[in-house]
Amino acid sequence: KQEVTQIPAALSVPEGENLVLNCSFTDSAIYNLQWFRQDPGKGLTSLLLIQSSQREQTSGRLNASLDKSSGRSTLYIAASQPGDSATYLCAVPPGSSNTGKLIFGQGTTLQVKP
Amino acid sequence: GAVVSQHPSRVICKSGTSVKIECRSLDFQATTMFWYRQFPKQSLMLMATSNEGSKATYEQGVEKDKFLINHASLTLSTLTVTSAHPEDSSFYICSARGGGRNQPQHFGDGTRLSIL
């Protein structure tokens, strides 16, 4: 059974810092991995999706990497801003097929202080 | 980009009431939508997969008679919490995937359900 773990659970950094959020999964046979952002009391916004054949994806100040063999992904945020404060979730489909179902990690709650 | 609209955003009602939540894909057709539940400070847990034109598929431990799902069109899925009780209070979120298996999931803004 696939399990997704995110470390740390919470993170507080001063504005301008570069930071890394970690995600690990127990079954390396994944179809893809997706990073989301969730603001308090809101739904999820898709940030980056990495296919199993890819090693990384970039969008603006965000860079996500994927190492399937070790069951890990990282989300790198460059030059953090107070507006980046949110909970970041990673998710993978259960199994190696893409049924659309997702298994989520517990999330990392980020606070960027001005 | 793709947008998923969820309504209502918040519901407060008495115990025993049935509550319907709508999930609409606004600019794409979704043959499959998903319903998740999120308790405070916890992650999302998949409840069921909503399939257009057929019965929903429920995850283990989710009561299908309690959580009725209807997916009558390619752009609309509804979740009805029947005879809701305080323990059903939670944040319910729907999602849909755009055309193509490699497309990302798009989520609604969620519905905060509070049963008194």
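The structure this text deals with has already been given above.
Remember, it's a predicted structure, so these values are computed and weren't measured experimentally.

> Would you mind going over the overall build of chain A in detail, with residue names and values included?
Along its length, chain A carries 0 helices and 11 strands. Computed over the C-alpha atoms, the radius of gyration of chain A is 13 Å, within 12% of the 13 Å expected from 2.2 N^0.38 for a compact globule of 114 residues. Each principal axis of the C-alpha distribution contributes one length, and for chain A these read about 40 × 30 × 20 Å. Evaluated residue by residue, chain A yields a buried proportion of 44% over its 114 residues. If you take every contact in chain A between residues at least 6 apart in sequence, the share linking residues at least 24 apart comes to 54%. Split by element, the accessible area of chain A, about 5200 Å² in all, is 48% carbon and sulfur. Between the centroid of the 9 positive side chains of chain A and the centroid of its 8 negative side chains there is a distance of 6 Å.

> Would you mind going over the sheet that holds strand β1 (residues 4-7) of chain B in detail, with residue names and values included?
Residues and elements named next belong to chain B. Strand order in the open sheet formed by 4 strands is β1-β3-β8-β7, with antiparallel pairing between adjacent strands. Each edge of the sheet is formed by a strand with only one pairing partner; in this case those strands are β1 and β7 (67-73). Averaged over all neighbouring strand pairs, the angle between strand axes comes to 15°, with direction disregarded. Bridging between β7 and strand β8 (residues 76-81) involves 5 bridges; their strand directions are antiparallel.

> Mind laying out the sheet that holds strand β3 (residues 19-25) of chain A, listing which residues take part and the relevant values?
All names here are of chain A. Strand order in the open sheet formed by 5 strands is β1-β3-β8-β7-β6, with antiparallel pairing between adjacent strands. Only two strands of the sheet have a single partner each, and these edge strands are β1 (4-7) and β6 (56-59). The average angle at which neighbouring strand axes cross in this sheet is 15°, direction not considered. Relative to strand β7 (residues 62-67), β6 runs antiparallel, the two sharing 4 bridges. Bridge pairing links Ser-59 to Leu-62 in β7.

What counts and what doesn't
Residues numbered from 1 in each chain as written. Chains lettered and ligands numbered in written order. Predicted model: local features only at pLDDT ≥ 70, side-chain atom pairs only at ≥ 80, totals over all residues. Heavy atoms only, no water. Helix = DSSP H or I, 4+ residues; strand = E, 2+ residues; numbered from the N terminus. Rg over C-alpha atoms; globule rule 2.2 N^0.38 Å. Buried < 20%, exposed > 50% of the residue type's maximum accessible area, 1.4 Å probe, protein only. Contact = heavy atoms within 4.5 Å. Areas by Shrake-Rupley, 256 points an atom, 1.4 Å probe, with all protein chains shown as cover. Lys, Arg positive; Asp, Glu negative; His and termini not counted. Charge placed at Lys NZ, Arg CZ, Asp CG, Glu CD. Pairing = 2+ DSSP bridges. Axes fitted to C-alpha atoms, helices over the stretch in contact; angles between N-to-C directions.

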